[in-house]
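Secondary and tertiary structure notes
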Amino acid sequence: MRKLLFQGLTRSPLTEAAPTQAELAALARDLDRTAQARLGHSLSIREVDAGSCNGCELEIHALGNAFYDLERFGLRFVASPRHADVLLVTGPVTLNMREALVRTYDATPNPKWVVAAGTCALGDGVFADSYACEKGGVAAVLNVDLVIPGCPPTPIDLLKGLLALMERPAV
Amino acid sequence: MAVFAELSRQGKQMAAHRPCPRILVEEEAWRAAAAVLAEGKLTLLGLWGDGQAVHMALLEDGPDEDPGKFSSTRCETLVLTLACPLGSFPSVGAVHAPAIRLERAIRDLFALIPRGLPDERPWLDHGRWRLEHPLSSTPGERLKPAPVAYPFLPAEGEGLHQIPVGPVHAGIIEPGHFRFNASGETVVRLEERLGYTHKGIESLMAGASLETAACLAGRVSGDSTVAYSLAFAQAVEAALDLSVPPRAVYLRALMAELERLANHLGDIGAICNDAAFAMMLAQCGVLRERVLRAAHEVFGHRLMMDRILPGGVTVDLTPAGATRIRELLASIRAVFPALADLYDKTASLQDRTSGTGIVAPALACRFGAGGYIGRASGRSFDTRRHLAYPPYDTLAFEVPTFFEGDVNARIWVRIREAEQSLSLIEQSLDNLPRDNLARDDRLQVSVTDIGETREGLALVEGFRGDILVSVRIDAGGRIERCHLRDPSWFQWPLLEVAIEGNIVADFPLCNKSFNCSYSGPDM
C-alpha cells in the first residue's frame, strides 16, 4: 500500500482541465440567473433514479473518479434531499417511482433546482410510450431548470451541465 | 439427459423453436417438472407468461454425479409450455421457491393465476399503472391508479425494530425498498420490495420492429447493455436461422469482455469503498474509466450501446482501434496485480469481507444463481462454457470458482474473471478474422422476412450471470412476444439470506458484493 501511495505523490494528477467558460455559457444561458447568486460556488446534489436503466447512474458515478473529480468544483453528492440544492433526476419517471420523486422534491429545502439528465428524463426515451411511465418525463412532474441530454450523457456532458448551474450566464 | 428425455415424451414438440426444443405439455407433466426442480435434478432458467400460456425454461446438467458442479460442458436447455385456457396453472413456486417472484410477476402482468402460490402479494404492480394486467389478452383500464398497501412479512420477538430503506437510497444507485427487522445491530429478517423501475419493456416489445426491439433490449439494464443486445441478437438469429459473419462474432466477444472487465473493476473498487477502503475505489475507478474511454474511441460509445444488432455488429475495429485496445490491456496489466495484492494483504479490509454475507452452496445451486454470486458459492455454471456460443467454444479461459460464499469470495471471483477477460480480449484480437466478403457483409448479414412465425431462445453470460431471451417473430418480421430474464431474478432472494445474522452496517457491503440489477428484473 505504501508503494501505491508514494506513486500517487510522485505522479502527475490524472484530473483534466475544466470545461471552458465559452462551453458553459451556452448552457448557463438557459438557467435562472439568480442561481449563482443564491448558491455561491458550491452545490449539493441529490441524485434520484426515477426508473432509469442504470446507464445514467454509471456515468454519474464516473464524475467522482480521478479524471473528472467533481468535488474540486464545489459539487458534491449528498445522501439526503434535506441537504440538497439540486435534484439530479434520471429515468423516464416510472409510475411506480412518481410519488417517491415528488416526496424527495418536497423534502428538499428552498431554493432548489431540478436537473433532468438523460434522454429518458427528457421524455424522449425508448420507454416514453409505456403504460408504466409518465408522459413527458421529469417535466411532467416537476419544474425542470436544466436538461442534459444523452443516452446516457457522458461525464463531460454532466459536468458541463452542473457547472453551468453555478455560472452566471455570459451577457 | 435422462430427465429431459422423459419430460419430452410427455408432451408434443412444437415446430419452429430454435435451438432447443419447446414441448407443449399438460398439467401433469408441468407438475412433474416442478417436482424434478424441487428435487434439484434440474435448474430453473426462466418462467414467463405469453397470452393464455406459460413457458418454463429448464437446464439439465450433463451426466454428472454431483448436481451443480457443472464439471461437464454438456448442459442442455428445454422449454415447456402449458396452455392455460381457464386462466390458471399449477404453481411451480409452491414446491420450488425460486419461481415465486416470477409467478407473482406473471399474475400481475398476464392475470394468469398460479394455483397454490404461497405468496399472493403483487410483485411488479404497485397499483399505480394506467392498465391492469397489461400483457393479458384483454388489459383493463385502471380508472383510479393508487398505491395499494403492501404487508411485509412479520418478525416477532422482544426488542425487534424495523428499519425501512428506500426506494430512494443514500447513494447513486437504483431504487428499491428494503425492510429490515433487526435485533439491536443484528438483522433478523430482510425483505426486498422491488418493481419501482418497471418500465413495461415487454409490452413495448410486442409489435416492435427488430431495430426498435434491439434498442429496447440494450436498455433493460444499462450496465449489461452489450450482453443484453447480444442475447437478443442471438435469440433472433436462432429463430431466423441466421449465420453471423465470423468477424462480427469476435467483435461481439471483444465488446462483451470489455463490458465485463469495466463492471468488475468498478465493483471491486466500490465493494472495498463500502468497507471504507477508499483507495481501492480511486485506483479501480481509474482503470474502469480507461476501459470506457477506450470503448468510446474504438466503438464510439462508452458503454457500447446499440453496437450489436441481429445479424452482426454496427461498427468495425480499425487497426488503430486494435492497437488502442492492446495499449489498454497493457496499462491495466501493469497495475491490476498490485491492486489484487493490496486487497489480499490489507487485514483490516479482509476483516470486513471474510465471513460476511454467506450464501451456502446448496442454496446457490437451488436458485440457479449465476455469475459471481453462484461462482463464489461453488456453482461453476457459465454459459460461455456450459452452453458455449461462438467464439467462446474456440477461446481458452477458466471459470474461477470459490466455495466460501462470502463477500471475500465474490470479490475474488471478480478479480479472477477480470484477469480472464483481459486474456479473452487479447485472444479475440489475435483471432479476429479478416475475411474477404464485400464490406457490407463483413459485419452484418441482412435480416429478411421469413414468411412464417419463428421462435428463438438465447442465453448469454453478462457480467452478473446468464441473461435469457426468448423471442417470437411473426411472418412480417416483427416481434410478437419477447421475454428478457435478468440474472438478478435468482440472485436478489439470496441477498435476503446472506444478510441474515449479519449487522445492519454490513448491508451496504453485502449488497454491493451482489450488485444486483433493479432495472433488469423490474422489466
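What counts and how
- All residue numbers refer to position in the chain's written sequence, counted from 1.
- Here chains are named by letter from A upward and ligands by number from 1 upward, in the order in which they appear as written.
- Residue-level local features of this predicted model are given only where pLDDT is at least 70; pairs of side-chain atoms are given and counted only at 80 or more, and the full residue set underlies all totals for whole chains, interfaces and linings.
- Hydrogens and waters are ignored; side-chain quantities use all the structure's heavy atoms.
- Residue contacts are defined here by distance: any two heavy atoms, one from each residue, within 4.5 Å place the two residues in contact.
- Reported buried area values correspond to the accessible surface (1.4 Å probe) lost by two parts on association, with both partners' losses combined.
- Salt bridge, as applied in this entry: a Lys or Arg side-chain nitrogen positioned within 4 Å of an Asp or Glu carboxyl oxygen.
- Pairs of N or O atoms within 3.5 Å make up the polar contacts considered here, provided that, within protein, one atom can donate a hydrogen while the other can accept it, and that residues adjacent in sequence are counted only when both atoms are side-chain atoms.
- The way it works is that DSSP assigns letters per residue, a run of H or I at least four long becomes a helix, a run of E at least two long becomes a strand, and they are numbered from the N terminus.
- When the sulfur atoms of two cysteines come within 2.5 Å, that pair is taken as a disulfide.
- Relative accessible area decides the class of each residue, using a 1.4 Å probe on protein chains only: under 20% of the type maximum gives buried, over 50% gives exposed, and in between gives partly exposed.
- Interaxial angles span 0 to 180 degrees and are taken between N-to-C directions of axes, which are lines fitted to C-alpha atoms, for helices over the stretch in contact.
- Put simply, angles under 35 degrees are roughly parallel, angles over 145 are roughly antiparallel, angles from 65 to 115 are roughly perpendicular, and the rest are oblique.
- The hand of a helix crossing depends on one turn: near helix anticlockwise from the far one by less than a right angle means left-handed, and clockwise means right-handed.
- Here the term charged refers only to Asp, Glu, Lys and Arg, the term nonpolar to Ala, Val, Leu, Ile, Met, Phe, Trp, Tyr, Cys and Pro, and the term polar to all other amino acids, Gly among them.
- pLDDT measures the predictor's confidence residue by residue and takes values from 0 up to 100.
- Just so you know, the domain bounds were taken from an automatic or database domain assignment.

**Some words on the interface of chain A and chain B**
- With 47 residues of chain A at the interface, the matching set in chain B holds 53 residues.
- Here chain A and chain B share an interface that buries about 4,100 Å² over both sides, 64% of which is from carbon and sulfur atoms.
- If you look at where chain A meets chain B, you find three salt bridges.
- Notably, a salt bridge pairs B:Arg302 with A:Glu59, separated by 2.5 Å at the nearest N-O pair.
- Put simply, chain A and chain B have 28 residue pairs in polar contact (both at pLDDT 80 or more) between them.
- Secondary-structure elements contributing two or more residues to the side of chain A that touches chain B are helix H1 (2–10), strand S1 (43–49), helix H4 (55–62) and helix H5 (95–106) of chain A.

**A look at the state of the cysteines**
All names here are of chain A.
- This structure, assessed with the given rule, holds zero disulfides over all chains.
- There is no disulfide at Cys133, and the cysteine sulfur nearest it, in Cys120, is 7.9 Å away.
- Residue classification places Cys133 among the buried positions, given a relative accessible area of 0%.
- Among the cysteines around Cys151, which has no disulfide bond, Cys120 carries the closest sulfur, lying 6.1 Å off.
- Judged by its relative accessible area of 30%, Cys151 falls in the partly exposed class.

**Thoughts on the pattern of salt bridges**
All names here are of chain B.
- Enumeration according to the criterion identifies 41 salt bridges over all chains in this entry.
- Salt-bridge contacts for Arg333 lead to Glu426; the nearest nitrogen and oxygen are separated by 3.3 Å. With Arg333 in helix H9 (residues 319–345) and Glu426 in helix H14 (residues 407–431), this residue pair connects regions lying 93 residues apart in the sequence.
- The class for Glu426 is partly exposed, based on a relative accessible area of 28%.

**Structural notes on unusual backbone geometry**
- Each neighbour pair has its own omega, and for A:Cys151 with A:Pro152 the value is -15°, a cis peptide bond.
- Along the polypeptide, A:Pro152 turns up in the loop between strand S5 (146–148) and helix H6 (155–166).
- In this model, B:Gly166 is joined to B:Pro167 through a cis peptide bond whose omega is 15°.
- Secondary-structure assignment places B:Pro167 in the loop between strand S11 (160–165) and strand S12 (177–183).
- Even without being glycine, A:Val93 reaches a positive phi, approximately 65°.
- As for its placement among the helices and strands, A:Val93 is situated in the loop between strand S3 (86–90) and H5.
- With a phi close to 60°, B:Met523 is a non-glycine residue in the positive phi region.

**Examining the packing of helix H16 (residues 492–499) of chain B against helix H17 (residues 507–514) of chain B**
Residue and element names in this part refer to chain B.
- The N-to-C vectors of H16 and H17 enclose an angle of 150°; their axes lie 10 Å apart at closest approach. Considered as vectors, H16 and H17 are oriented roughly antiparallel to each other. The crossing of H16 and H17 is right-handed. Contacts between H16 and H17 involve Trp492, Leu494, Leu495, Ala498 and Ile499 from the first element and Phe507, Cys510, Asn511 and Phe514 from the second.
- Residues belonging to the contact of H16 with H17 are distributed by class as follows: eight nonpolar, one polar and no charged.

**What to know about the confidence of the model for chain B**
- Looking at chain B as a whole, its pLDDT mean stands at 94, while 97% of the residues score no less than 70.
- Under the prediction, the complex receives an ipTM of 0.94, its pTM being 0.94.

**Digging into the domain arrangement of chain B**
All names here are of chain B.
- Looking at the assigned domains, one finds that chain B contains domain 1 (2–124) and domain 2 (201–514).
- The centre of domain 1, based on its C-alpha atoms, is set 25 Å off from the matching centre of domain 2.
- Contacts between the two partners involve 34 residues from domain 1, matched on the other side by 32 residues from domain 2.
- Both faces combined, the contact of domain 1 with domain 2 buries some 2,800 Å², and carbon together with sulfur accounts for 60% of it.
- Interface area lost by domain 1 to domain 2 is led by Arg18, Trp48 and Arg101, which between them contribute 24%.
- Counting across the domain 1 and domain 2 interface gives three salt bridges.
- One salt bridge in this structure joins Glu455 and Arg22, with 2.9 Å as the shortest N-O distance.
- The interface formed by domain 1 and domain 2 includes 10 residue pairs in polar contact (both at pLDDT 80 or more).
- When contributions to the side of domain 1 that touches domain 2 are tallied by element, the ones reaching two or more residues are strand S2 (17–18), strand S4 (43–50), strand S5 (53–60), strand S6 (76–83) and helix H3 (100–110).
- Of the residues forming the side of domain 1 that touches domain 2, the biggest block, seven residues, is contributed by S4.
- Along the lines of polarity and charge, the residues of the side of domain 1 that touches domain 2 split into 19 nonpolar, nine polar and six charged.

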